[in-house]
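Residue strings, one per chain:
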Amino acid sequence: MSFPSFSTAHFNSFVAVLLCSFFATRSLAQTNQGDSIPNRRWWKEAVVYQIYPRSFKDANGDGIGDLKGIISKLDYIKNLGVDVVWLNPIYSSPNDDNGYDVSDYRNIMSDFGTMADIDALLKGMHDRGIKLVMDLVVNHSSNEHEWFKQSRSSRTSPYREYYHWWPAENGKPPYRYSLFDVNHDAWMYDKTTNAYYLHYFSRKQPDLNWENPKLRHEVYDMMKFWADKGIDGFRMDAFQFARKDTTWPTFPKGFEKNFGQYYYMVPGLHGYLQEMNREVLSKYDLMTVAEGAGNTYEDAHNMVDADRHELDMAYAFDGIDLAKPTGYSILKFKQVFSKWDNVFAEKGWLSIFLANHDQARLVSRFGNDSPEFREVSSKMLSTFLMTMRGTPYYYNGDELGMTNPGFTKIGQYRDKATLNEYHHQQNIHADMAKYMKEIAFSGRDNGRTPFQWDGSKNAGFTSGTPWIEVNPNYKTINAAAQEKDPNSCLNYFRKLTKLRKDNLVFVYGKYTLLDKGNPSVYAYTRELNGKKMLVMLNFTSKQASVNTPFGSANAQMLLCNYDDSTNTVKTILRPYEAIIYRLQ
Ligand code: GLC
Ligand code: CA
């Protein structure tokens, strides 16, 4: 497939981008005299706060979070000190996958509200200096999208080529693995036209055919519709899957154990991204982030390096994938984050995250959610996220140290992927007790229980019956209680966002790993224009020693997750202790 070559129009938009970024850079630089930092961008300096609308705040009592609910909490969001909100999909959807199955990209899911509500939300955010990033779910649509209804109606429909079809008279299509299907078979037979359609996710999420230029331009027009409304960016859902090899080769047996090697970044995907950049992204001041960074560092660079004109950043899963029910190696954790930093030190930009709506709760997965260590380990993890190079993505509720709910019955789960896999495990006569244990640790619903606002019924999330159970610990862990406590996780998080904001060294500064072989402590410095910060984090529940070149020199302590104020660099850290010093 070919792409339009370098045209005059492209050249003009290229010049426009140069000018735009020149002005953006200048105005940023003016706010921080003396910091001569190249390639400054607002989205590099932002802290992104992810809101899962279904679980954030319900304004009308139907048990489902909504846009009016978010509007009612804008001051709370502002007071966190975050700059950008990423909203999970809010488009019309039959909700097979909580909005990741879009039936109309230009409308709002009725559970969430109306277009007037999103306009009001956007205005409310902009009035407070907060930007809005929308989820863009275009690897697939819902099977209830008008395009799919048309596409499935006849083989000669003008929409037929919007999706991938395999005529059944050619026999069974070569096996493709589906992540969410009960049988993990990505081809679904549809009798209307005696053909199979492709769905990498659920049966209600047919994959869109990106080879079709008509489809691509529909997507670009839709993106412009949102950009013209004034939104500030897109998070590209599952986009690394978008390109398929439509000669449909047979993949080796067992390929599904390593499906990313076959599914991600199929040649041609960069062409789509460059075209999207030309057609849409280059015309606006948008931030873009891809879910998934491909299979290699090179893949990641190719997606985000500025001279590629594709996206701004991607998030890699290597870090988050480390934590298993049996724990994780801190040495490995340090290695993974150090390697990514190193590979992106000169070029490109990173995202830093350890939790989102597809994952367990931050403190339950990477910290320690026992009453003894929950607060301190949660603060330690937040310290990590806010002091690394790259744009931090921080998931709603983690600022309170919210935990996994500890569901024990399948009836407590709502996530289709979890439920379908449950049936699959039953069908293959697997050890169901083992599966229940696994999902209690890593199931996606762990991060989707309602936001814990206060100690009143249903944690103040809804006056009705919540769509998913509230974590019973809401009576002690909630925002209202933490507002009053100066040492709460919430107030600690606010100190961290302020510290990052006041010190660009945390955004752009050079990262150096210290005490590399220390199996308990993660220590590093960040340095920029003569300013040097030292961060030391004990990732364990035991006291641990740390060996840095600074010995017990004098330094200015900026923040500690214990009540402390020492200006001597420590050599022993208490359980989960996090401490930040300014050295120069
Ligand atoms: C992404 C989303 C996830 C969704 C899937 C399919 O991984 O984060 O929630 O289920 O894509 O759209
Ligand atoms: Ca509602």
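See the structure above.
Residues numbered from 1 in each chain as written. Chains lettered and ligands numbered in written order. Predicted model: local features only at pLDDT ≥ 70, side-chain atom pairs only at ≥ 80, totals over all residues. Heavy atoms only, no water.

Another point: the coordination of the calcium ion (ligand 2). At the metal site, the calcium ion (ligand 2) is ligated by Asp58 (OD), Asn60 (OD1), Asp62 (OD), Ile64 (O) and Asp66 (OD), and these contacts range over 2.3 Å. Between consecutive donor residues of the calcium ion (ligand 2), the sequence gaps follow D-x1-N-x1-D-x1-I-x1-D. Assessed through its relative accessible area of 35%, Asp62 is described here as partly exposed. (Donors = N, O, S within 2.8 Å, 3.2 Å for Na, K, Ca; no water. Buried < 20%, exposed > 50% of the residue type's maximum accessible area, 1.4 Å probe, protein only.)

Moving on, we come to the pattern of salt bridges. In a structure, side chains of opposite charge can pair up when their charged atoms sit close to one another. Summed over all chains, the structure comprises 34 salt bridges. Among the ionic pairs, Asp564 bridges to Lys570, the shortest N-O distance being 2.7 Å. (Salt bridge = Lys/Arg side-chain N within 4 Å of Asp/Glu carboxyl O.)

It is the contact of helix H10 (residues 297-304) with helix H11 (residues 330-343), at a shortest axis distance of 11 Å, that shows an interaxial angle of 45°. Judged on the interaxial angle alone, H11 and H10 are oblique. Classified by chirality, the crossing of H11 by H10 is right-handed. The segment H10 lies against H11, with Tyr297, Ala300 and His301 engaging Lys339, Trp340 and Val343. (Axes fitted to C-alpha atoms, helices over the stretch in contact; angles between N-to-C directions. Helix = DSSP H or I, 4+ residues; strand = E, 2+ residues; numbered from the N terminus. Parallel < 35°, antiparallel > 145°, perpendicular 65-115°, else oblique. Left-handed = near helix turned anticlockwise from the far one by under 90°. Contact = heavy atoms within 4.5 Å.)

For the rest of this paragraph, the subject is the side chain of Ser157. Among the structural elements, Ser157 can be located in the loop between helix H6 (146-153) and strand E6 (165-167). The exposure class of Ser157 is buried, given its relative accessible area of 10%. Separated by 3.1 Å, the side chain of Ser157 and the backbone oxygen of Gln150 make a polar contact. Apart from residues no more than four positions distant in its own chain, Ser157 is found in contact with Gln150 and Ser151. (Polar contact = N/O pair within 3.5 Å; in protein donor to acceptor, adjacent residues only side chain to side chain.)

You can see Gly292 is positioned in the loop between strand E10 (287-291) and H10. Assessed through its relative accessible area of 1%, Gly292 is described here as buried. If we ignore the near neighbours within four places in the chain, the residues touching Gly292 are Gln240, Met303, Ala314, Tyr315 and Phe317.

With that settled, consider the side chain of Asp190. With respect to the element layout, Asp190 can be found in strand E7 (residues 187-190). On the basis of relative accessibility, which here comes to 8%, the residue Asp190 falls in the buried class.

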